[in-house]
Amino acid sequence: MIAVQTRGLVKTHGQGQSRVRAVDEVDLEVPEGQSLAVMGPSGCGKSTLLHLLGGLERPTEGEVWVDGRRIDTLSERALARLRRRSVGFVFQAFHLVEELSAAENVELPALLAGRSPRQARRRAAGLLERVGLAERARHLPSELSGGQRQRVAVARALVNDPRVVLADEPTGNLDSAATNDILRIFEDLRGSGQTLVIVTHDERVAATADRLITMRDGMFVGDTVMTGTGGRWLGGLGGLIGLEG
Ligand SMILES: Nc1ncnc2c1ncn2[C@@H]1O[C@H](COP(=O)(O)OP(=O)(O)OP(=O)(O)O)[C@@H](O)[C@H]1O
Ligand SMILES: [Mg+2]
């Protein structure tokens, strides 16, 4: 089963002179249970790609399929439903609700998906525990560090057991211990057949994925399957994707 698929995917931003092809003719197939890392320089279209995969932006051209369903033609209402139930997003800028505690932020999507307050509370507590924030559950986002907020965002993305998790720099502000916590959580996802697409600048994070795609100017310029070679790739990745120099 293919969890995420695109055909001829194009997204242009802006008008006239400032028009940018943020995603340029991308064909992608991510099998169920695969973890895919996407790397590439700032501005190459990684976030735009994730937004298209999760139905947050609509393509200019081409098709997006999630969990066997074409989503680029769905109504706003149907898209909102898909995002609530099938897709978990970890955003580059967290997007936590500042007025709500960490626990309430995690509970919110569960409540919106129709779970009872009790179920939502139980799931949120379990997830916050998993990301090492059980003691911070009642804190507001403004009372948390960047890395702690990021972990709340990861917990929130997972609360509805999404088939597909889309993560934009989920370890961007984390020290290496916290990064390892997040990687362990992602590893669990794979065990349960969930599919992960993770945008990252961190070679260590990329090295844990099953597959690495590199982007440049909206296009895929590299696609490497890394089954069981994570450790070996670690040393060579910088050169491979041109991050050095
Ligand atoms: N809403 C928008 N309006 C106009 N241009 C946009 C918009 N969003 C993104 N772009 C442009 O599209 C291109 C791709 O942006 P995107 O955010 O996808 O890059 P990215 O690879 O995620 O970069 P970073 O690593 O810095 O997060 C960039 O040139 C960006 O300036
Ligand atoms: Mg981005």
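Residues numbered from 1 in each chain as written. Chains lettered and ligands numbered in written order. Predicted model: local features only at pLDDT ≥ 70, side-chain atom pairs only at ≥ 80, totals over all residues.

- Per an unreviewed UniProt entry, the chain is named ABC transporter ATP-binding protein, and its organism is Nonomuraea salmonea.

## Overview of the sheet that holds strand E10 (residues 219–225)
Here is step 1: Within the open sheet, the six strands sit side by side as E6-E7-E8-E3-E9-E10. Their pairing is mixed. Among the strands making up the open sheet, the edge pair consists of strand E6 (87–90) and E10. Each neighbouring strand pair of the sheet contributes to a mean axis angle of 15 degrees, computed without reference to strand direction.
Here is step 2: Summarising the sheet, strand E3 (residues 35–39) and strand E8 (residues 195–199) pair through four bridges and their orientation is parallel. Within E8, the residue paired with Leu36 across the bridge is Val197.
Here is step 3: Relative to E8, helix H1 (residues 46–53) is tilted by about 155 degrees, and along the sheet it contacts E3, strand E7 (164–168), E8 and strand E9 (211–216).
Here is step 4: Lying on the sheet, helix H5 (residues 146–158) is in contact with E6 and E7; it crosses E6 at an angle near 175 degrees. (Pairing = 2+ DSSP bridges. Helix = DSSP H or I, 4+ residues; strand = E, 2+ residues; numbered from the N terminus. Axes fitted to C-alpha atoms, helices over the stretch in contact; angles between N-to-C directions. Contact = placed C-beta atoms within 7 Å.)

## Some words on the site of ligand 1
Here is step 1: Neighbouring residues of ligand 1: His13, Gly14, Val20, Ala22, Ser42, Gly43, Cys44, Gly45, Lys46, Ser47, Thr48 and Gln92.
Here is step 2: Every element with two or more residues in the shell around ligand 1 is listed here: strand E2 (20–31) and H1.
Here is step 3: Ranked by the residues each element gives to the shell around ligand 1, the list is headed by H1, at three residues. (Near = placed C-beta within 6 Å.)

## Let's talk about the packing of H5 against helix H6 (residues 176–191)
Here is step 1: Between H5 and H6, the shortest axis-to-axis distance is 11 Å and the interhelical angle comes to 5 degrees. Judged by the angle between their axes, H5 and H6 are roughly parallel. Only Ala178, Ile182 and Ile185 of H6 make contact with H5, whose side of the interface consists of Gly147, Arg151 and Val154. (Parallel < 35°, antiparallel > 145°, perpendicular 65-115°, else oblique.)

## Comments concerning the pairing of E7
Within a regular beta strand, the side chains point alternately toward one face of the sheet and then the other, so they alternate between its two faces.
Here is step 1: Of all the five residues making up E7, five are buried; the element is thus mostly covered by neighbouring parts of the structure.
Here is step 2: Taking every second residue as pointing to the same face, both faces of E7 are buried, with Val164, Leu166 and Asp168 on one and Val165 and Ala167 on the other.
Here is step 3: As defined by bridge partners, E7 adjoins E8 across five bridges and the pair is classed as parallel. Note on E8: the bridge partner recorded for Asp168 is Val199.
Here is step 4: At this point the chain moves from E7, through H6, to the parallel E8, and the crossover so formed is right-handed. (Buried ≥ 20, exposed ≤ 12 C-beta atoms within 10 Å, placed from the backbone. Right-handed = clockwise from strand over helix to strand, strands pointing away.)

## Details of the sheet that holds strand E4 (residues 61–66)
Here is step 1: The sheet built from four strands is open, its strands ordered E2-E1-E4-E5 with antiparallel pairing. The open sheet has two edge strands with one neighbour each: E2 and strand E5 (69–70).
Here is step 2: Two strands pair when backbone bridges link them, and E4 and E5 are joined in this way by two bridges, in the antiparallel orientation. Residue pairing across strands places Val66 opposite Arg69, the latter belonging to E5.
Here is step 3: Packing of H1 onto the sheet brings it into contact with strand E1 (2–13), E2 and E4, and relative to E2 it is tilted by some 55 degrees.

## A closer look at the pairing of E1
Here is step 1: Here nine bridges tie E1 to E2, and the two strands are oriented antiparallel to one another. Bridging from a neighbouring strand, Val4 pairs with Val30 of E2.
Here is step 2: Connecting E1 to the next strand, E2, in antiparallel fashion are six residues, including Gly14 with a positive phi near 80 degrees.

## Here we look at the environment of Ser145
Here is step 1: Along the polypeptide, Ser145 turns up in the loop between helix H4 (117–130) and H5.
Here is step 2: Distance from Ser145 to Asn173, taken between C-alpha atoms, is 9.3 Å for residues 28 residues apart in sequence.

## Some points on the environment of Arg216
Here is step 1: Structurally, Arg216 is set in strand E9.
Here is step 2: Of the residues examined, Arg216 has 16 C-beta atoms within 10 Å and is grouped as partly exposed.
Here is step 3: Between the alpha carbons of Arg216 and Gly43 there is a distance of 8.5 Å; along the sequence they are 173 residues apart.
Here is step 4: Setting aside its immediate chain neighbours within four residues, Arg216 contacts Gly40, Pro41, Cys44 and Val221.

## Topic: the packing of helix H3 (residues 102–112) against H4
Here is step 1: Contact geometry for H3 and H4: axes closest at 8 Å, N-to-C directions at 130 degrees. Taken as axis vectors, H3 and H4 run oblique relative to one another. For the crossing formed where H3 meets H4, the hand is right-handed. The residues of H4 that touch H3, namely those facing Ala102, Ala103, Val106, Glu107, Ala110 and Leu111, are Pro117, Gln119, Ala120, Arg121, Arg123, Ala124, Ala125, Leu127 and Leu128. (Left-handed = near helix turned anticlockwise from the far one by under 90°.)

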